[in-house]
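# Structure at a glance
This is what each chain is made of:
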Amino acid sequence: HSSLSSSPQDVQVPVCPLCNTPVPVRRGQMPDVVVGEHIDRDCKSDPAQRKRKIFTNKCLKPGCKQKEMMKVICDQCHKNYCLKHRHPLDHDCSGAGRPLSKAG
């Protein structure tokens, strides 16, 4: 006869506090972390969906998939870029004049 403490009936599945759906947790995972990831990615509740829609300003540098919370417009070509590609030298600027760094 085996111990009752390892019974599969003792497994509890956490429930998302926003959408009230069960969130499966694998052995060894922390339920709080898994529920947090569910809220960040899969949750269908209004607060979670609004949070995901904050980062909507896509970088126009070819190959970059970064999105920013607010627009970062280049002064020379007037296109939107992420923080990494915001400087004219970082996105092969096609704007008027030569792309010079103001710091240099």
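Residues numbered from 1 in each chain as written. Predicted model: local features only at pLDDT ≥ 70, side-chain atom pairs only at ≥ 80, totals over all residues. Heavy atoms only, no water.

Under an unreviewed UniProt entry, the name given to the protein chain is AN1-type zinc finger protein 2B, and the source organism is Tinamus guttatus.

Together, F55, M69 and M70 make up a nonpolar patch on the protein surface, roughly 350 Å² of accessible area in all. Mapping M69 onto the fold places it in the segment after β2 (67-68). (Patch = residues over 30% accessible without salt bridge, like charges linked within 9 Å, V, L, I, M, F, W, Y side chains within 5 Å. Areas by Shrake-Rupley, 256 points an atom, 1.4 Å probe, with all protein chains shown as cover. Salt bridge = Lys/Arg side-chain N within 4 Å of Asp/Glu carboxyl O. Helix = DSSP H or I, 4+ residues; strand = E, 2+ residues; numbered from the N terminus.)

This next bit is on the confidence of the model for the protein chain. Taken as a whole, the protein chain shows an average pLDDT of 80; of its residues, 72% reach a score of 70 or greater. Mean pLDDT across the secondary structure elements of the protein chain bottoms out at helix α2 (residues 46-52), with 64, and peaks at strand β1 (residues 57-58), with 90. (pLDDT = per-residue confidence, 0-100.)

What follows is about the pattern of salt bridges. Going through the model one piece at a time under the given rule, you end up with 1 salt bridge. Its salt-bridge partner being K61, residue D92 comes within 3.8 Å of it at the nearest N-O pair. One end of the pair, D92, is in the segment after β2; the other, K61, is in the loop between β1 and β2, with 31 residues separating them in the sequence. Taking the relative accessible area as the measure of exposure, D92 reaches 63% and is therefore exposed. (Buried < 20%, exposed > 50% of the residue type's maximum accessible area, 1.4 Å probe, protein only.)

In this structure, C59, C64, C74, C77, Y81, C82 and C93 together form the largest nonpolar core, which totals 7 residues. Of all hydrophobic cores here, the second largest spans 6 residues; its members include C16, V34, V35 and I39. (Core = buried A, V, L, I, M, F, W, Y, C linked by side-chain atoms within 4.5 Å.)

Right, let's get into the environment of C19. Within the secondary structure layout, C19 lies in the segment before α1 (31-41). Residue C19 is classed as partly exposed on the basis of its relative accessible area of 23%. Taking the C-alpha atoms as reference points, C19 and S45, 26 residues apart in sequence, are found 5.3 Å from one another. Once residues within four sequence positions are removed from consideration, C19 is found in contact with H38, C43 and S45. (Contact = heavy atoms within 4.5 Å.)

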